[in-house]
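These are the residues of each chain, in order.
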Amino acid sequence: MVKSLYSGVTGLKTHQSKMDVIGNNIANVNTTGFKAGVVTFRDIYYQYKINPSGGTATLGGVNPAMVGYGVRLNSTNCNMTSSGFTQSDWWADVALDGDGFFQVMDGSGNIFYTRAGKFTVDDNGYLVNASGYHVLGTMGNAEAQEASSEIIRIVIPATNDNASSATKRVNGTNVTISVSAPSDYTNMTVTFTEAEFPYATYNNGILNIFFNSDEQYNSQDDFEQAIQTALQAGGVTLPDDVSLKFEFENIPNDREARAASNRVEDFRFTTKTAEYQFHTTYEDDAGMTKHAYMTFSVNDPTCQDTVKINLSARPNSDAVEKAEYDSDTGAWTITAYYDSTASDINAAIKAQIDELEAAGKNVTKLNCDNLVLPSGDKREEIFPKLVQDAGGAALEAKLVGGTVTGVTLDVQVQEAGAFGNNYKIVFAYKAGYGNTSAVWDENTLTVTVGADSTITDVNRAIKEAANGDAKKLLAFNDISGLDYGADFPDQKDPDNVWQPVFRQAFFGGNPAINPTDGKDSFFTETAKALGTFALENGRIGSQQTYGDLSDIVVQSDGTIVGQHPVHGFIVLGRIDIVTFDNVNGLAQVSGTNFRKTVASGEPKLKVAGTEGSGAIVSGALEMSNVDLSQEFTDMITTQRGFQANSRVITVSDTMLEELLSLKR
């Protein structure tokens, strides 16, 4: 009877132990990585009341009769099944999706194993858990490295000195702008803008360079000098007193500037009249050059008549000018005097025309357009010279006109550059002598020529119009085909003074040409297209720490990859895991940690996600696998078991009490 008391006591004790496990499970229902305990019982021992015996020839066999004496704890194992994950925003919160354990090591060098991946980085760069234990794996670049149990420390290489720079493709080549020395303050935006004058501004890390768009740049040195000039003009000093440097890749062989030019050789025009002008020059009393001229014309551009002047002093006051026309040869012979005027000569010509027309003969209607001579005694000196200048005697001149082809204009801008492509040159005609001029209106140059204009006169006028602007300085290399026209090669003006009939018909039609093929130098074209550069990576080198990383991630194989603003992506280490042949043989210690035992076997190092091991999930934590519904059910059965064992003790006590009462 006393034995039943002790059996009840063992029942109470084992059920209390199970209740302890249930209480611990429920207490850790929200503990990260916690594994619920599972309790099993077993009976203690048995006493034979009847020993077993085998059968004989006369009797049958006897079965044993045994009485048990209580219960005790058989095992308290952990439920090693995986649980669900809870997400977090922290890169070092990691969970295992599958078999395996993380490795952690305490200050004494003892290695423990856990499913709780709540890690962080201490002030020395070590990866540790909430208890300060070091997380183990492979340190540094773990690529192609076997799994390990090294202490993981986040180590960032030191940065070296570097000058800020920026590279982009401009004008078909890579252009790099950099500062002359390393600095922590020269990560800036540099913008290039065309302007009339060089200038620069700098504010809040933005440098604006205004450069002279009309200047030709022929080398890298020209660029850098232009920048320096702009900085000086704007009173700008860059941080750390650095300067800007340029570098060009693949500079083309054809990199020189080219001047705009235009040569036209097929101008064609037709005169309205046939014409000839007698012309000479002289000096007046003040030493000034003057012009004397007499022009005859016929209102027929195809006329091939000639004009001959017989000149003498007027013999008497009754003598008048005479004009005779030979219809067979088409020759006019004019008798004039030193004091004759154009009206006098035209009166004589008209009288001859009237007479011949009255006789029914053909006659070209000649006209003396003008007669410009000095007055007084000077007239008697110049008039003979005018009509004899070309021939040394009385000149017989052919009236010329008609269609002229092959007129050539050849002009070139004197300074190289693409700006000349925007120019237009227009010609105009102004009757009379000394009327050569040139004037600019925006990008159009109008050149006015007169009766005596030459190439030299035109170029001199253009130079004056340029007013010192070398870019608007043009030069005509050739203006030809306008003396007597290409159709009249036998009559060339010995002084290359173009005949008025041709110059007036041609230039009066406002011919225009546009210089083309002007080209900026390679460096100038590049300067105009630079735009904006964002200079970056400028720094003075220094030691780097975990805090200098801009981002960090843990990959599924446990590899820790950091992003650094200078070094880019860096492999900082790898969290390796272990597996066991018998995970139920592990011994629980505090902090949701386990330690190996002889029952668990030795740990097997593995890279996460390989050889059947679980992959690492970053930004997640494994939750407790406690099942509250199961725990509450176990709690009820445990309570009833404890209650029943207490009843065994109560009943046994009552029976002892009855036994003791027999004595009375």
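Quick caveat, the model's predicted, so the values are computed rather than measured.

In this structure, what is going on with the nonpolar core? I would like to understand it.
Note on soluble globular proteins: their nonpolar side chains tend to be buried together. Within the largest apolar cluster, 36 residues are counted, with the highest numbers of intra-cluster contacts made by V447, L474 and F476. Elements that contribute at least two residues to this core include exactly strand 19 (261–270), strand 27 (403–413), strand 28 (424–429), strand 29 (437–441), strand 30 (444–449), helix 5 (455–466), strand 31 (474–480) and helix 6 (500–507). With 5 residues, strand 27 is the largest single contributor of residues to this core. Those residues in contact with L474 that sit more than four places away from it in its chain are V411, Q412, V413, Q414, Y423, I425, W440, L445, N459 and I462. Y276, C303, L366 and L399 belong to the second largest nonpolar core, which has 34 residues in total.

I tried to follow empty space enclosed by the protein on my own but got confused; where do I start?
Any space left empty among the atoms is revealed by the rolling of a water-sized probe across them. Within this structure, the stated rule accounts for 1 cavity of 30 Å³ or more. Of the volumes computed, that of the largest cavity is approximately 70 Å³. Around the largest cavity sit F192, F211, Y217, F223, A226, I227, F246, A527 and L530, which together line it. Taken together, the residues that form the lining of the largest cavity break down as 9 nonpolar, no polar and no charged.

How do you make sense of the confidence of the model for the protein chain when you look at a structure like this?
Interpretation of the predicted coordinates at a detailed level should be avoided for regions scoring low in pLDDT. For the protein chain, per-residue confidence averages 88 on the pLDDT scale, and residues scoring 70 or more make up 96% of the total. Taken element by element, the predicted model of the protein chain shows its lowest mean pLDDT in strand 2 (residues 46–50) (78) and its highest in strand 12 (residues 150–151) (96). Counting interchain partners and residues more than four positions distant, the pLDDT-below-50 stretch residues 389–393 has 5 contacts.

Please explain a nonpolar patch on the surface as it appears in this structure.
Taken together, the side chains of Y46, Y48 and M66 make up a nonpolar region of the molecular surface, amounting to roughly 320 Å² of accessible area. With respect to the helices and strands, the residue Y46 is situated in strand 2.

Whenever I open this one, helix 6 confuses me. Can you help?
Given 3.6 residues per helical turn, the α-helix brings residues three or four places apart onto the same face. In terms of burial, helix 6 is a largely internal element, 6 of the 8 residues being buried. Against strand 19, strand 20 (274–283), strand 27, strand 28, strand 30 and strand 31 lie the buried residues of helix 6.

Please explain the side chain of T559 as it appears in this structure.
Here T559 is to be found in strand 35 (residues 559–564). Among the residues examined, T559 registers a relative accessible area of 10% and is labelled buried. Looking at T559, its side chain comes within polar contact range of the side chain of D557, at 2.9 Å. Excluding residues within four positions of it along the chain, T559 makes contact with V553, V554, V571, G573 and R574.

Looking at this model, I keep getting lost on the sheet that holds strand 21 (residues 289–298). Mind explaining?
Sheets are built from strands that pair by backbone hydrogen bonding, the pairs being arranged parallel or antiparallel. Read from one edge to the other, the open sheet built from 3 strands follows the order 20-21-25, with strand pairing classed as antiparallel. Where the open sheet ends on each side, the last strands, each with one partner, are strand 20 and strand 25 (366–372). Put simply, the sheet's adjacent strands are angled 10° from each other on average, direction ignored. In this structure, strand 20 lies alongside strand 21, joined through 10 bridges in antiparallel fashion. Note on strand 21: the bridge partner recorded for H279 is Y293. The strands touched by helix 4 (residues 377–388) within the sheet are strand 20, strand 21 and strand 25, with strand 20 carrying the most contacts at an inclination of about 135°.

Teacher, can you tell me more about the pattern of salt bridges here?
When the charged atoms of two side chains lie near each other, side chains of opposite charge can form a pair. The full count for this structure, using the stated rule, is 17 salt bridges. Residue R574 is joined to D576 by a salt bridge in which the shortest nitrogen-to-oxygen separation is 2.6 Å. Under the relative-accessibility criterion, R574 is labelled buried at 4%. Residue classification places D576 among the buried positions, given a relative accessible area of 0%. A single network of salt bridges, built from pairs that share partners, joins R263, E265, D410 and D478.

What is the right way to read the pairing of strand 22 (residues 306–312) from this model?
As a general feature of sheets, a regular strand has side chains that alternate between the two faces. Relative to strand 26 (residues 396–398), strand 22 runs antiparallel, the two being bridged by 3 bridges. Each bridged residue has a counterpart across the sheet, and for K308 the counterpart in strand 26 is E396. As judged from the 7 bridges shared by strand 22 and strand 24 (residues 331–337), these two strands associate in the parallel manner. Residue pairing across strands places L311 opposite A336, the latter belonging to strand 24.

Is there a simple way to explain unusual backbone geometry in this structure?
What you tend to see is this: most non-glycine residues have negative phi, and most peptide bonds are trans. The phi dihedral of D241 falls on the positive side, at around 55°, and the residue is not glycine. Turning to its location among the elements, D241 is positioned in the loop between helix 2 (220–234) and strand 18 (244–248). Phi angles above zero are rare outside glycine, and N537 is one such case at about 70°. Tracing the chain through its elements places N537 in the loop between strand 33 (532–534) and strand 34 (551–554). With relative accessibility at 38%, the residue N537 sits in the partly exposed group.

Which parts of the structure should I look at to understand the pairing of strand 23 (residues 322–326)?
With burial as the criterion, only one face of strand 23 is covered, namely that bearing A323 and Y325; the residues K322, E324 and D326 on the opposite face remain uncovered. In this sheet, strand 24 lies alongside strand 23 in antiparallel orientation, the contact comprising 5 bridges. Across the sheet, residue D326 finds its bridge partner in strand 24, namely A331. Following strand 23, the chain reverses through 4 residues before pairing antiparallel with strand 24; G330 in that reversal takes a positive phi of roughly 65°.

Conventions we followed
- Residues numbered from 1 in each chain as written.
- Predicted model: local features only at pLDDT ≥ 70, side-chain atom pairs only at ≥ 80, totals over all residues.
- Heavy atoms only, no water.
- Core = buried A, V, L, I, M, F, W, Y, C linked by side-chain atoms within 4.5 Å.
- Buried < 20%, exposed > 50% of the residue type's maximum accessible area, 1.4 Å probe, protein only.
- Helix = DSSP H or I, 4+ residues; strand = E, 2+ residues; numbered from the N terminus.
- Contact = heavy atoms within 4.5 Å.
- 1 Å grid on protein atoms, 1.4 Å probe; cavity = no way out; pocket = protein on both sides within 12 Å on 5 of 7 lines; lining within 4 Å.
- Points joined across faces, edges and corners; volume = space filled by probe spheres on them.
- Nonpolar A, V, L, I, M, F, W, Y, C, P; charged D, E, K, R; others polar.
- pLDDT = per-residue confidence, 0-100.
- Patch = residues over 30% accessible without salt bridge, like charges linked within 9 Å, V, L, I, M, F, W, Y side chains within 5 Å.
- Areas by Shrake-Rupley, 256 points an atom, 1.4 Å probe, with all protein chains shown as cover.
- Salt bridge = Lys/Arg side-chain N within 4 Å of Asp/Glu carboxyl O.
- Polar contact = N/O pair within 3.5 Å; in protein donor to acceptor, adjacent residues only side chain to side chain.
- Pairing = 2+ DSSP bridges.
- Axes fitted to C-alpha atoms, helices over the stretch in contact; angles between N-to-C directions.

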